[in-house]
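Listed below are the residues making up each chain.
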Amino acid sequence: MNNLTHEEILPELGAVALDSASVEFCLLAREHAAACPECGPVLFAMEETVAHLGQLVPQQAINPGHGAGIRSRLLMRARLERESSSAAAPGPPDLARGVASLTGLGHKLTPGTQRVVDAEIRKSLPRHGARFPRISGMMFLAMAASAAFIITGAQLMRVTAERNSMREQSAQQVVRPDTTRPSVPGPSEKEALVAAMAGPDVKIVPLATGKAARMGRMFWNRASNDWTIVVYTMPPPKPGMTYQVWLVTDKSKISAGTFQPDSAGHAFMQAKYTLERNALKAVAVTEEPMGGMPSPTGPIVVSGSAAP
Amino acid sequence: MNPSEQDLSYSREIRSNAEDVALIRRMCDADETALGALYDRWMRSLYSLVFHLLQDADEAEDVVEETFWQAWRKASSYEPSRGAVSTWLLTIGRRRALDRLRAKSRRREEPLAGTSGVADMPSRDMDPSLAAEGSERRTHVLAALRGLPEEQREVLELGYFQGLSQTEIAETTGQPLGTVKTRMRLAMQKLREPLSMYRESAQ
């Protein structure tokens, strides 16, 4: 418990519950309340009272495709985390087979992952009784794509990363793709994948076109310096061209590798690069000649601001 | 709402939160399907709240995802004695939304959209039983809010629905900071009593 007294805190608990007091005071008051049998219950009751007000905001419909995508990502991240945490112990047979690729490069979905994807797709479908609005075929495809994109491309990642490591040596500032992963992703790779995409040090940069359509995300694990980009519904680059990822700072535009989306427009790529925590201003993907360029020359296809 | 209707509402609240608590327990056991179920139950309410604060669909979606991910990671820290699961989720989401708002030092300029007319607006794609519970609760919360003196309700609405600090409320309303603090304290005290039944039902 800190030095704040009951007399100082009790009259302010309503404002603390509303987060309308200063941030510093809210922190101190919550710290005090957590250990104070007098102030704690009052604050908890106030917080619950405040939360009821949330019922009064006008109900807002989320974009169904985005909502399904968020749900799919959450479940996939949770599943990956669960599997990685149980990897040390003998797990279901499919766990050792790792994250599968949907890119047609030789691996099929593991049975367990397939069940999750199937469940996600079923969940996205309209049910009898019309609890959900009717979903068009295109919407279904979008939802299925959302469910699948997070698990696609482990194989593509490996191949692309190896290719990138050779091709991008000519770049002036080059992020070194992580080529140390085993050819068949195993539990350790899944664990690494989860660590790269989840945790308190992970900054997520949404990527979108100028028309604001969400087309992917960059996950930057600032603790491990892992960069994981996932994009979806990308149009194919022109013949002889490729997509190149740029980490934009105040001083430079750093190449983070090139990628080619699969036939569905999905791609997944990881790289490792050390950058100061506050240096990143934006992430951009441009269309460049095959092999990549030392600095961006082509049009920006998708981008996202790293502003908090 | 007459007493029998209130009893019915409480029993539904208890049932609803008991189901949420069961989902949280399954999440503690690393059952991701429980996370999916919790998402289905509360995504709409959470999204509505954070969208109302942020007025940006992309940012609101990010906050929703961050909130449910935090719920998954911190499921074991949920304490039923501190309130309902929905309270926990909405509190996490609102704080995250406020963090974003304040990080950008952005403030919505338009006046509060108001709370009238929303009480009878159940979620279109929500479980019908949940929608019914939500509608009843909204009606009750709205009645409690409308029961406050106007000046107290104003500071509460500015603080909650627009995420303004007490200092900002004082600037907005032209009232001394001390007056704002007093009104907010009184508003919270008065609002707490009629809504206390939901707190009891959450435990």
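For every chain, the first residue of the written sequence is number 1, and numbering continues from 1 along that sequence. Labels follow written order: the first chain is A, the first ligand is 1, and so on. Only residues with pLDDT of at least 70 get local features here, since the model is predicted, and only at 80 or more are side-chain atom pairs given and counted; chain-wide, interface and lining totals rely on the full set of residues. By convention in this description, side-chain values take in all heavy atoms of the structure and omit both hydrogens and water.

Peer 1: Hey, could you run me through the pattern of salt bridges in this one?
Peer 2: A pair can form between side chains of opposite charge whenever their charged atoms are brought close. All names here are of chain B. Every case where a carboxyl oxygen of Asp or Glu lies within 4 Å of a side-chain nitrogen of Lys or Arg is listed as a salt bridge. The final tally for this structure, using the stated rule, is 22 salt bridges over all chains. With its nearest N and O atoms 2.6 Å apart, the salt bridge here joins Asp20 to Arg41. Taken together, the positions of Asp20 in helix H1 (residues 3-28) and Arg41 in helix H2 (residues 32-54) put the pair 21 residues apart, joining distant regions of the chain. Throughout, exposure labels follow a simple rule: accessible area from a 1.4 Å probe, protein chains only, divided by the maximum for the residue type, with under 20% read as buried, over 50% as exposed, and the rest as partly exposed. Among the residues examined, Asp20 registers a relative accessible area of 1% and is labelled buried. The numbering of helices and of strands both runs from the N terminus, where a helix is a DSSP run of H or I of at least 4 residues and a strand a run of E of at least 2.

Peer 1: So what exactly am I meant to see when it comes to the packing of H2(B) against helix H4 (residues 85-103) of chain B here?
Peer 2: Angle between the axes and distance between the axes: these two values describe a pair of packed helices. Residues and elements named next belong to chain B. Orientation is described by lines fitted to C-alpha atoms, with helices fitted over the stretch in contact, and by angles between N-to-C directions that extend from 0 to 180 degrees. Taken N-terminus to C-terminus, the directions of H2 and H4 make an angle of 30°; their axes are 9 Å apart at the nearest point. For the pair H2 and H4, the crossing hand works out as right-handed. Along the contact surface, H2 presents Leu38, Trp42, Ser45, Leu46, Leu49, Val50, Leu53 and Leu54, while H4 presents Val85, Ser86, Leu89, Leu90, Gly93, Arg94, Ala97, Leu98, Arg100 and Leu101. For the contact of H2 with H4, the residue count by class is 13 nonpolar, three polar and two charged. The handedness criterion is simple: a crossing whose near helix is rotated anticlockwise from the far helix by less than a right angle is left-handed, and one whose near helix is rotated clockwise is right-handed. Residue contacts are defined here by distance: any two heavy atoms, one from each residue, within 4.5 Å place the two residues in contact. Charged means Asp, Glu, Lys or Arg here, nonpolar means Ala, Val, Leu, Ile, Met, Phe, Trp, Tyr, Cys or Pro, and polar covers whatever is left, Gly included.

Peer 1: Help me understand the interface of chain B and chain A, please; the structure alone is not making it clear to me.
Peer 2: Many authors give the size of an interface as the accessible area that is lost as the parts come together. Contacts between the two partners involve 67 residues from chain B and, on the opposite side, 56 residues from chain A. Summed over both partners, the accessible area (1.4 Å probe) lost when two parts come together is defined as the buried area. Both sides of the chain B and chain A interface together cover about 6100 Å² of buried area, and 59% of this is carbon and sulfur. At the boundary of chain B with chain A, the tally comes to 10 salt bridges. Notably, a salt bridge pairs Glu65(B) with Arg217(A), separated by 3.1 Å at the nearest N-O pair. Any pair of nitrogen or oxygen atoms within 3.5 Å is treated as a polar contact; in protein, a donor-acceptor pairing is required on top of that, and neighbouring residues in sequence qualify only through side-chain atoms on both sides. If you look at where chain B meets chain A, you find 19 residue pairs in polar contact (both at pLDDT 80 or more). For the side of chain B that touches chain A, the elements supplying multiple residues, two or more each, are H2, helix H3 (57-73), H4, helix H5 (128-146), helix H6 (150-161) and helix H8 (177-202) of chain B. If you tally residues by element for the side of chain B that touches chain A, the top one is H2(B), at 15 residues. Each residue belonging to the side of chain B that touches chain A can be placed in one class, and the counts come to 32 nonpolar, 13 polar and 22 charged.

Peer 1: Looking at this structure, how should I read the environment of Leu158(B)?
Peer 2: Residues and elements named next belong to chain B. On the secondary structure map, Leu158 appears in helix H6. As for Leu158 and Thr173, which are separated by 15 residues in sequence, their C-alpha atoms are 9.6 Å apart. Beyond its immediate sequence surroundings of up to four residues, Leu158 is in contact with Gly163, Leu164, Ile169, Thr172 and Thr173.

Peer 1: Sorry if this is basic, but what is going on with the environment of Met76(A) here?
Peer 2: Residue and element names in this part refer to chain A. Within the element layout of this structure, Met76 appears in helix H5 (residues 64-85). Given a relative accessible area of 1%, Met76 falls into the buried group. Sequence separation of Met76 and Val194 is 118 residues, and the distance between their C-alpha atoms is 9.8 Å.

Peer 1: Is there a simple way to explain helix H3 (residues 23-35) of chain A in this structure?
Peer 2: Think of an α-helix as 3.6 residues a turn; residues three or four steps apart then line up on the same face. All names here are of chain A. A helix's residues, less one, multiplied by 1.5 Å, set its expected span. Between its terminal C-alpha atoms H3 stretches 19 Å, which fits the 18 Å expected from 13 residues at 1.5 Å a residue. Taken together, the buried positions of H3 are occupied by Phe25, Cys26, Ala29, His32 and Ala33. In a view along the axis of H3, the buried residues occupy a sector of 135°, so they form one face of it. Facing away from the buried surface of H3 by more than 90 degrees, the exposed residues are Glu24, Leu27 and Ala34. The reported arc concerns the directions from the helix axis to the C-beta atoms and nothing else.

Peer 1: Help me understand the packing of aromatic side chains, please; the structure alone is not making it clear to me.
Peer 2: Geometrically, a pair of aromatic rings is defined through the distance of the ring centres and the angle of the planes. When two rings of Phe, Tyr or Trp (its six-membered ring) have centres within 6.5 Å they constitute a pair, described as stacked for plane angles under 30 degrees, edge-to-face for angles over 60, and tilted for the intermediate range. This model, assessed by the stated rule, comprises six aromatic pairs over all chains. Judged by centre distance (5.6 Å) and plane angle (40°), the rings of Tyr243(A) and Phe259(A) are tilted. Of this pair, Tyr243(A) sits in strand E5 (residues 241-248) while Phe259(A) is found in strand E6 (residues 253-259), placing the two residues 16 residues apart along the sequence. Residue classification places Phe259(A) among the buried positions, given a relative accessible area of 2%. Their ring planes at 85° and their centres at 5.1 Å tell us that Tyr160(B) and Phe161(B) sit as a pair that is edge-to-face. Comparing Tyr160(B) with Phe161(B) shows no difference in burial state: the two are buried.

Peer 1: Where do I start with the confidence of the model for chain A in this structure?
Peer 2: Residue and element names in this part refer to chain A. Confidence of the predictor at the level of single residues is given by pLDDT, which spans 0 to 100. In this model, chain A carries an average pLDDT of 69, and 62% of its residues clear a pLDDT of 70 or more. Confidence drops under pLDDT 50 across residues 88-111; counting only partners more than four residues distant or on other chains, this segment forms 47 contacts. Across residues 176-185, where pLDDT falls below 50, the model places 29 contacts with residues more than four positions away in sequence or in other chains.

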